[in-house]
Each structure stands twice: as structure tokens, then as C-alpha cells.
Amino acid sequence: MAADSKPIRLLIVDDSAVARAVFTRMVGERPEFELAATVPSARAALAFLARDRVDIIILDIEMPGQDGLSAMPALIAASRGARVLIVSSSAEQGAAASIQAMTLGAADTLAKPGAGAFGGRFAEVLAEKLVRIGHAPDGEASGARPQEPMPQIRLRGMNEGRVACVAIGASTGGLHALSDLLRALPSAFGAPILITQHLPPSFMNIFATQVQEMSGRPTSVARAGMPLARGRILIAPGDGHLSVEVTGGMPRVRITAERVESGCLPSVDPMLASVAEAFGATAVGIVLSGMGRDGLRGAERMAHAGSDIFVQDRASSVVWGMPGAVAQAGLASAMLPPFQLADLLARRERIAA
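This one's a predicted model, so the numbers in the text were calculated from it and none came from an experiment.

Peer 1: When you look at the nonpolar core in this model, what are you seeing that I'm missing?
Peer 2: Counting 59 residues, the largest nonpolar core has Leu11, Ile57, Ile195, Phe207 and Ile286 as its most contacted members. Every residue in contact with Phe207, bar those within four places of it in the chain, is listed here: Ile99, Leu175, Leu178, Ile195, Gln197, Leu199 and Ile235. If you look at the next biggest cluster of nonpolar residues, it comprises 31 residues, including Met226, Met271, Val275 and Trp320.

Encoded structure:
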């Protein structure tokens, strides 16, 4: 941690006294963190947040009284900008709990290990996630603390005419952003939508179900050879890159697993690059909240093909790494909160009608 960096303030919310003690010991051994408080319930957390501020809330799901999922919206509102990391046995038992938590606004989730397995790799992964979603030294994460001044962003001009395909990439914080975007998109918007979200393979079917619920559109995990259809959403599988190839004049799904520059699988880059090649200026790429630079190379290909690229703005992003890399490279046509990006898409459809 840099000498002039302030430690990340943490609030631990867990009904288990053992878990609270273990977390206290783990974070107390690292100078990056400052433990603000440990509390046994959501009610106690809300009382604490009414008088003090933290950067990250470590939240259990299964607690007596109000559970973590139902309490999360109130905790996020009361915290005035804190990020939530779900650390719960429920996160391991069911991907649905993790997906629901991230859709509600959790920045990330981590499965709580069994008794006696809190040390070693778990402690390392916990620290990595806390730094990533808190106040990383590179300034990627946004939150309650003052940030460096916003760099001057140069936006490209926007195209007109109906959109033929939308390709959306996201990572940390992306599920909540996706929810905001898809819920705001009118049902009349008919272009096929492709989504690459960094999640484990075991999460993808549940993620597709959640996307279908939030969007009101038929949604499925993409398989090789599937045609792109109007009004339908296809999700990248967790073990392959989702891309598009045109065969016999019909755009279809192509799934590959080659290593890419970002190291991600699935990666946003192959999706954006292939959509640019297939649809040119009639395509729109959208890069939402996420750590790192995945999507930058694909956005470069989209810009070269004349496609529009929209990015989530810094203020609404949990982590502005992915959208920030595209924006700061001068590749973005628009930089707005997700619900306003949906409005831009709808406006293209209305004008072209």
C-alpha cells in the first residue's frame, strides 16, 4: 500500500461470532484494511451506517431476522457509496443466490469455506477481491473516497439508423448495470443482443434465466451454430468466447476458446471484434462495469468498422476499468449510466422506424 493511501474501511455483517472473529483476524493482519466494526445483523449494520461510513460491507446471506439479500438495498442506500461483498455459504451452495446478490447491487461474491478452512488461499482471494472493489492503488475502483480528477474524454460521433446487433461486455459490477440497462430498454427494441459477462461456467444457466426475467426477452446460453434472432438474447458460455460468423448470409454463433490478450474466458474482445466484422456501422458495442481492459481490443475493431461503442460512466460503475479503458482511448461514442444507454438504443430504433 502506498504511503499516502488510506486503508479500506470495512464493516463485517455476519451472525456467526466465529466468522466475525476469523474475518477480524484476517483483515487485521493486512495494512490495506481498517476494520470499522463487526455486527451480527442487518439491523445493527443499518444502525452503524447511520452514524459512520465505510468503503466495503462484507455481508452474509443467511442470518436470523432479515437476511442479507433482502437487506442489501437498504444497506447500499444507508452506506452512501459503499460496495458490498457477499461472503456466504449460500454463494457456494447455489449460484442463484450469488446472481441475485450481484443483480441487487453486490460488487462480487465469495463462497465461505467450511470450519477450519478460512486461511491460506481463501484469505488471499478475500484480500484480492476487497482491494479490487475497494480503492485499488491504480484508482480503478470508484467509491466514497475522493478520486483523481476525471480525465478529459473525447467522444466519437454517433451513427444513425436501425441497430442490427448489440454486443454487451461486463465484469465486476456488471450484473447490476445489466439489470438497469435491460429493464430500461423498450420491448419494441428488436435487435439481437449478445452478452459476455465474466462468470464461472456453473453460473451461466442461472444467469441466463435471470437475464430473461429482467429483460422480458427469450434468453439462452449460446451454442455454436445458433442463429441470431430479433428480440432474443444470447449469453456467452463460461468456457468459451461468444462470437459471430456469417454463413450463407445468416449471422450465427461461433464458440471458440483461444487464449486472448486479456486472459479472460469468456472474453469481450472476440465478441466485439466479430460483431464489428459482421455488422459494421449497424452494430453497437456496450462496455459496462468491470476490472481490467477486456473489451478494449474489440472496441478498437468496432471503431475501425464504423460501429458505435457505448460505455458506462465512472460515477455509476463499481469498477471503471473496462469502460474507462475504452473511453480513455477515445473509442466511445457515448458515456452514460446504463439506463441512459438504453435510451440511446431506443432512440435509434424510433428514429429509424
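Peer 1: Explanation requested: the sheet that holds strand S6 (residues 165-170) in the structure shown.
Peer 2: Hydrogen bonds along the backbone pair up the strands of a sheet, which may run parallel or antiparallel. Read from one edge of the open sheet, 7 strands run S8-S9-S7-S6-S12-S13-S14, paired in parallel fashion. Two strands bound the open sheet, and with one partner strand each, they are strand S8 (219-221) and strand S14 (334-336). In this sheet, adjacent strand axes meet at a mean angle of 20° when their direction is disregarded. Strands in contact with helix H7 (residues 174-184) are S6, strand S7 (193-197), strand S9 (233-235), strand S12 (283-287) and strand S13 (308-312); relative to S7, the strand with the most contacts, it is inclined by about 165°. Each of S6, S7 and S12 is contacted by helix H9 (residues 268-279), which is oriented at about 165° to S6, the strand it contacts most.

Peer 1: Just to check I follow, could you spell out the confidence of the model for the chain for this structure?
Peer 2: Fine structural detail should not be taken from predicted coordinates in areas where pLDDT scores are low. Per-residue confidence for the chain gives a mean pLDDT of 89, with 90% of residues at or over 70. Here residues 136-146 is a poorly scored stretch, pLDDT under 50, and it has 35 contacts once near neighbours within four places are set aside; other chains count.

Peer 1: Just checking my understanding: could you explain the sheet that holds strand S2 (residues 33-39) for this structure?
Peer 2: Strand order across the open sheet formed by 5 strands is S2-S1-S3-S4-S5, with parallel pairing between neighbours. Among the strands making up the open sheet, the edge pair consists of S2 and strand S5 (108-111). Here the strands of the sheet are splayed against their neighbours by 20° on average, with no regard to which way each runs. With 4 bridges connecting them, strand S3 (residues 56-59) and strand S4 (residues 83-88) associate as parallel partners. Among the inter-strand pairings, Ile56 is bridged to a residue of S4, identified as Arg83. Against the sheet, helix H3 (residues 68-79) makes contact with S3 and S4, and its axis sits at roughly 165° relative to S3, the strand it touches most.

Peer 1: Is there a simple way to think about the environment of Val27 in this case?
Peer 2: The topology assignment puts Val27 in helix H1 (residues 17-28). Val27 sits in the buried class, given a relative accessible area of 3%. Distance in space between the C-alpha atoms of Val27 and Ile195 is 35 Å, their sequence separation being 168 residues. Non-local contacts of Val27, meaning those with residues more than four positions away in its chain, are made with Leu10, Phe33, Leu35 and Leu130.

Peer 1: Honestly, unusual backbone geometry in this entry has me stumped. Any pointers?
Peer 2: One can expect most non-glycine residues to show negative phi and most peptide bonds to be in trans. Cis geometry is found at the peptide bond from Leu265 to Pro266, where omega equals 0°. Following the sequence through the fold, Pro266 ends up in the loop between strand S11 (250-256) and H9.

Peer 1: Any chance you could explain the pattern of salt bridges here in plain terms?
Peer 2: Where charged atoms of side chains with opposite charge meet at close range, the side chains can pair. Applying the stated rule across the entire model yields 14 salt bridges. Note that Lys129 and Asp108 form a salt bridge whose closest N and O atoms lie 2.9 Å from each other. Of this pair, Lys129 sits in helix H6 (residues 121-133) while Asp108 sits in strand S5, placing them 21 residues apart in sequence. With a relative accessible area of 13%, Lys129 lands in the buried category. For Arg347, the salt bridge identified is with Asp343, shortest N-O distance 3.0 Å. With Arg347 and Asp343 both in helix H12 (residues 338-352) and 4 residues apart, this pair spans about one turn of that helix.

Peer 1: It is not clear to me how the side chain of Ser317 should be interpreted in this structure. Could you clarify?
Peer 2: By the secondary structure assignment, Ser317 is in the loop between S13 and helix H11 (321-328). Since its relative accessible area comes to 0%, Ser317 is described here as buried. Of note is the side chain of Ser317, whose polar atom sits 2.7 Å from the backbone oxygen of Asp313.

Peer 1: For this particular structure, what's the right way to read the packing of H7 against helix H8 (residues 204-215)?
Peer 2: Relative orientation of the contacting elements H7 and H8 amounts to 35°, with a least axis distance of 8 Å. Residues Leu175, Leu178, Ser179, Leu182 and Arg183 of H7 lie in contact with H8, whose contacting residues are Phe207, Val211, Met214 and Ser215. Looking at the contact of H7 with H8 residue by residue, the classes come out as 6 nonpolar, 2 polar and 1 charged.

Peer 1: How do you make sense of H9 when you look at a structure like this?
Peer 2: One full turn of an α-helix is made of 3.6 residues, so residues set three or four places apart face in the same direction. If you check H9, its first and last C-alpha atoms are 16 Å apart, about what 12 residues at 1.5 Å a residue would give, namely 16 Å. Counting buried residues along H9, 10 of its 12 residues qualify, which places the element largely inside the surrounding structure. Taken residue by residue, H9 has Val268, Asp269, Pro270, Met271, Leu272, Ala273, Ser274, Val275, Ala276 and Phe279 as its buried positions. Where H9 begins, the capping side chain belongs to Ser267, and its oxygen is found 3.2 Å from the backbone nitrogen of Asp269.

Rules of the game
Residues numbered from 1 in each chain as written. Predicted model: local features only at pLDDT ≥ 70, side-chain atom pairs only at ≥ 80, totals over all residues. Heavy atoms only, no water. Core = buried A, V, L, I, M, F, W, Y, C linked by side-chain atoms within 4.5 Å. Buried < 20%, exposed > 50% of the residue type's maximum accessible area, 1.4 Å probe, protein only. Contact = heavy atoms within 4.5 Å. Pairing = 2+ DSSP bridges. Helix = DSSP H or I, 4+ residues; strand = E, 2+ residues; numbered from the N terminus. Axes fitted to C-alpha atoms, helices over the stretch in contact; angles between N-to-C directions. pLDDT = per-residue confidence, 0-100. Salt bridge = Lys/Arg side-chain N within 4 Å of Asp/Glu carboxyl O. Polar contact = N/O pair within 3.5 Å; in protein donor to acceptor, adjacent residues only side chain to side chain. Nonpolar A, V, L, I, M, F, W, Y, C, P; charged D, E, K, R; others polar. Expected span 1.5 Å × (residues − 1).

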